[in-house]
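Residues per chain are reported as follows:
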Amino acid sequence: MSQLTFDIDAMIREVDVQQMPAWNGAPLRFTTDYYAPSQFDAAFRRYQVERGHFGCVPLSHMWNRTGLTGAHANTNGHTLVSFTADLRHSYLCGGHRWQSETPCTCLGDLMHQGICEQCSWHAIAADENDVVEAWHDHAMPGWRSLPILPETLRIKLQSGESSHRGQEWLDRYPEAWQFDGAPIRTERPTRATRHIAGRSPWGGFDLAA
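Residues numbered from 1 in each chain as written. Predicted model: local features only at pLDDT ≥ 70, side-chain atom pairs only at ≥ 80, totals over all residues. Heavy atoms only, no water.

### A short note on the packing of aromatic side chains
Summed over all chains, the structure comprises seven aromatic pairs. On the basis of an interplanar angle of 40° and a centroid distance of 5.5 Å, the ring pair of F30 and W63 is categorised as tilted. Taken together, the residues F30 in the loop between α1 (2-19) and α2 (37-51) and W63 in the loop between α3 (56-60) and β1 (73-75) connect sequence positions 33 residues apart. Ring geometry for W177 against F179: centres 6.0 Å apart, planes inclined by 35°, an arrangement best described as tilted. Overall, W177 belongs to the buried group, its relative accessible area being 14%. One aromatic cluster in this structure is built from F30, Y35, F40, W63 and F83. (Phe/Tyr/Trp six-rings, centres within 6.5 Å; stacked < 30°, edge-to-face > 60°. Helix = DSSP H or I, 4+ residues; strand = E, 2+ residues; numbered from the N terminus. Buried < 20%, exposed > 50% of the residue type's maximum accessible area, 1.4 Å probe, protein only.)

### A word on the sheet that holds strand β6 (residues 184-186)
Read across the sheet, three strands follow the order β5-β6-β7 without closing on themselves; strand pairing throughout is parallel. At either margin of the open sheet sits one strand with a lone partner, and together these are β5 (148-149) and β7 (206-208). Note that β6 and β7 share three bridges and pair parallel. Each bridged residue has a counterpart across the sheet, and for T186 the counterpart in β7 is A208. (Pairing = 2+ DSSP bridges.)

### Let's talk about the nonpolar core
A general tendency of soluble globular proteins is for nonpolar side chains to be buried together. With 21 residues, the main nonpolar core has W135, W169, Y173, W177, I184 and W202 as its most contacted residues. Broken down by secondary-structure element, the contributors of at least two residues to this core are β4 (121-125), α4 (128-139) and α6 (164-171). For this core, the element with the highest residue contribution is α4, accounting for three residues. Once residues lying within four places of it in the same chain are set aside, the contact partners of W177 are M140, P141, G142, W143, L146, A182, P183 and W202. If you look at the next biggest cluster of nonpolar residues, it comprises 17 residues, including Y35, A43, F83 and L87. (Core = buried A, V, L, I, M, F, W, Y, C linked by side-chain atoms within 4.5 Å. Contact = heavy atoms within 4.5 Å.)

### What to know about the environment of G77
On the secondary structure map, G77 appears in the loop between β1 and β2 (78-86). When the C-alpha positions of G77 and A139 are compared, they lie 8.2 Å apart, and in sequence the two are 62 residues distant.

### Considering unusual backbone geometry
What you tend to see is this: most non-glycine residues have negative phi, and most peptide bonds are trans. A positive phi angle is found at H61, which is not glycine, with a value near 60°. Of note, H61 is situated in the loop between α3 and β1. For H61, a relative accessible area of 8% translates into the label buried. In this structure, S120 is a non-glycine residue whose phi angle is positive, near 50°. Position of S120 relative to the elements: it lies in the loop between β3 (110-116) and β4. By relative accessible area, S120 is classed as partly exposed at 47%.

And the structure:
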């Protein structure tokens, strides 16, 4: 019964695709070219209509918002919208015994992309932190010279504990960097090096130093 349902769904999808106009948006595959976030969203929806939702992320290798990046920001007229593209080897790809007639197209990594639509700017990297840092270079040059908040003070401030030393440290923070969306650089233990959106006192990124 489940196979019959699957076949009927596939037939319905094929009819729907035949009635749709030819696609001329962002590629229905991995690309390094610049496209606006809405164009990537539309392309991913089109792929799902044409080929179904099952395995659409690893099979399409397309940019989509399903990654757990949490990297979104709006500062000084610049926005950051994050996408991921899964190029890792998957059991769903064509390089396996049960699909051996199709060559494997996996390229090997989970890629990250940050887009500032206002500037038609984007950055692509295998490391999410590299994309976040590239966006800060684009939107807020000079952030790399900011003072680093010691780990002990960071823990107290982010847990909501009152800390005279922590507040004193913030009071001495460069005045030019105390604005909505401004980042903060913090000392971190070795295993906690991810940049975190919305975690600075001004709503910007907490950037691991």
